[in-house]
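Architecture at a glance
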Amino acid sequence: MTPDLDYLVRIATHAGEILMEGYLQQHEIRHKGRIDLVTEMDGRSEQYLLGEIRRDFKDHTIVTEESGILRGNQVACWFIDPLDGTANYAHGVPIFSVTVAYAIQNRIVLGVTLDPTRGQCFSAERGKGAFLNGVPVHVSATRELVDAMLVTGFPTDLKKSEKNNLDNFSSFLMQVQSIRRLGSAALDIAYVAAGWLDGYWEIGIHPWDIAAGTLLVEEAGGLVTDLNGETDYFKSPYALVTANPVLHAKLLTMLQSTNGR
Ligand code: IPD
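The following refers to the structure shown.

1. Examining the side chain of E219
Along the chain, the position of E219 falls in helix α6 (residues 207–219). Despite its burial, E219 pairs with no opposite charge, the nearest such side chain being R126 at 4.6 Å. Separated by 2.7 Å, the side chain of E219 and the backbone nitrogen of G127 make a polar contact. At 2.7 Å, the side chain of E219 forms a polar contact with the backbone nitrogen of G129. Excluding residues within four positions of it along the chain, E219 makes contact with A124, E125, R126, G127, K128, G129 and A130.

2. Side note on the pairing of strand β1 (residues 29–33)
Relative to strand β2 (residues 36–39), β1 runs antiparallel, the two being bridged by 4 bridges. By the bridge assignment for β2, R30 is matched with V38. Linking two consecutive strands that pair antiparallel, namely β1 and β2, is a turn of 2 residues.

3. Describing helix α1 (residues 5–22)
Within an α-helix, residues lying three or four positions from one another point in the same direction, as the helix has 3.6 residues per turn. Here α1 spans 26 Å end to end across 18 residues, near enough to the 26 Å set by a 1.5 Å rise per residue. Those residues of α1 lying buried are L5, Y7, L8, I11, A12, A15, G16, I18, L19 and G22. Angular distribution of buried residues about the axis of α1 spans 165 degrees; they occupy a single face of the element. Among the exposed residues of α1, those oriented more than 90 degrees off its buried face are D6 and E21. Remark: L24 follows α1 within two positions and exhibits a positive phi of approximately 65 degrees.

4. A closer look at the side chain of D209
Inspection of the secondary structure puts D209 in helix α6. We note that D209 is buried and unpaired, the nearest opposite charge coming from K32 at a distance of 8.3 Å. Not counting residues up to four positions away in its chain, the partners in contact with D209 are E65, D81, D84, T99, A185 and A186.

5. Side note on the sheet that holds strand β11 (residues 149–152)
Taking strand neighbours across the sheet as the criterion, the 5 strands line up as β12-β11-β13-β15-β14 in an open arrangement whose pairing is mixed. Edge positions in the sheet fall to β12 (178–180) and β14 (223–225), since each of these pairs with one other strand and no more. In this sheet, neighbouring strand axes are inclined to one another by 20 degrees on average, regardless of whether the strands run parallel or antiparallel. Running at roughly 145 degrees to strand β15 (residues 239–243), helix α7 (residues 245–257) makes contact with β11, β13 (199–203), β14 and β15 of the sheet.

6. Comments concerning the site of the ligand
E65, D84, G85, T86 and E202 are the nearest of the 15 residues found near the ligand. Here an oxygen atom of the ligand sits 3.0 Å away from a polar atom, N or O, in the side chain of D81. A185 is positioned with one of its backbone polar atoms (N or O) 2.9 Å from an oxygen atom of the ligand. Burial of the ligand by the surrounding chains reaches 93%, relative to a free accessible area of 380 Å². Ranked by residues supplied to the shell around the ligand, first place goes to strand β5 (residues 76–84) with 3 residues. Each residue belonging to the shell around the ligand can be placed in one class, and the counts come to 4 nonpolar, 5 polar and 6 charged.

7. Side note on the environment of R54
Here R54 lies in helix α2 (residues 40–56). In this structure, the C-alpha to C-alpha distance between R54 and G72, residues 18 residues apart in sequence, is 9.9 Å. Those residues in contact with R54 that lie beyond four places of it in its chain are I62 and L70.

Rules behind the numbers
- Residues numbered from 1 in each chain as written.
- Predicted model: local features only at pLDDT ≥ 70, side-chain atom pairs only at ≥ 80, totals over all residues.
- Heavy atoms only, no water.
- Helix = DSSP H or I, 4+ residues; strand = E, 2+ residues; numbered from the N terminus.
- Buried < 20%, exposed > 50% of the residue type's maximum accessible area, 1.4 Å probe, protein only.
- Lys, Arg positive; Asp, Glu negative; His and termini not counted.
- Salt bridge = Lys/Arg side-chain N within 4 Å of Asp/Glu carboxyl O.
- Polar contact = N/O pair within 3.5 Å; in protein donor to acceptor, adjacent residues only side chain to side chain.
- Contact = heavy atoms within 4.5 Å.
- Pairing = 2+ DSSP bridges.
- Expected span 1.5 Å × (residues − 1).
- Arc of directions from axis to C-beta.
- Axes fitted to C-alpha atoms, helices over the stretch in contact; angles between N-to-C directions.
- Near = heavy atom within 4 Å.
- Areas by Shrake-Rupley, 256 points an atom, 1.4 Å probe, with all protein chains shown as cover.
- Nonpolar A, V, L, I, M, F, W, Y, C, P; charged D, E, K, R; others polar.

Below you can see the structure in the form of structure tokens.
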């Protein structure tokens, strides 16, 4: 059996229901780093997703945020973030998601990012388009930086690392209409696919945060690259730039002028 988009939507939706059961409740919060949180609900959502996929696709590889890499065959691979936006969730801010992607031979072919608080399900299948709750979506047509609303995030080691995104942030801030920092990279990228935000960039991002989003944006007519304009963005160090093709070129030029920092 091979998975289809309905399968991904079904498991992401149920994982979202698990998250909503625990939303605004007291949490067991563990620190993976000083500002990198994980709650018991990340674990519950992930255990559910892993249980489903391992039962239905026994020999597939799975890359998850909390359990690492569960090695299976080298052809079929899943990327799972059971709760993207953990810090928001732990604080009660209703901006978080479940994001699931399926790749064949290192190419994402199915992707779903679900926002359980708003019932918004972003989905894409390679060659078949990107959708919000079944309705086609497209990246924005904004061409000028001064008209663009961008979104970004910051790496969890930003207090120690030179690559903290602050140079990028301040340079863009002076040139674009505005910048958002929502706290769920998967939703940031889904919003670019939907045309609500014009562009996204982030450094120090993880494959499970971005896998579904890369397909969403490509299928919505946008470009997705690393800071060098290469499409092999799953290679370390992870960095991602996404926008419509015209804006994407301008974002890249800007990021290269700050050396991506
Ligand atoms: C984080 C969020 C955030 C991004 C961080 C991620 P998590 O994921 O996506 O927006 O800026 O880089 O680590 O830890 O909440 O799953």
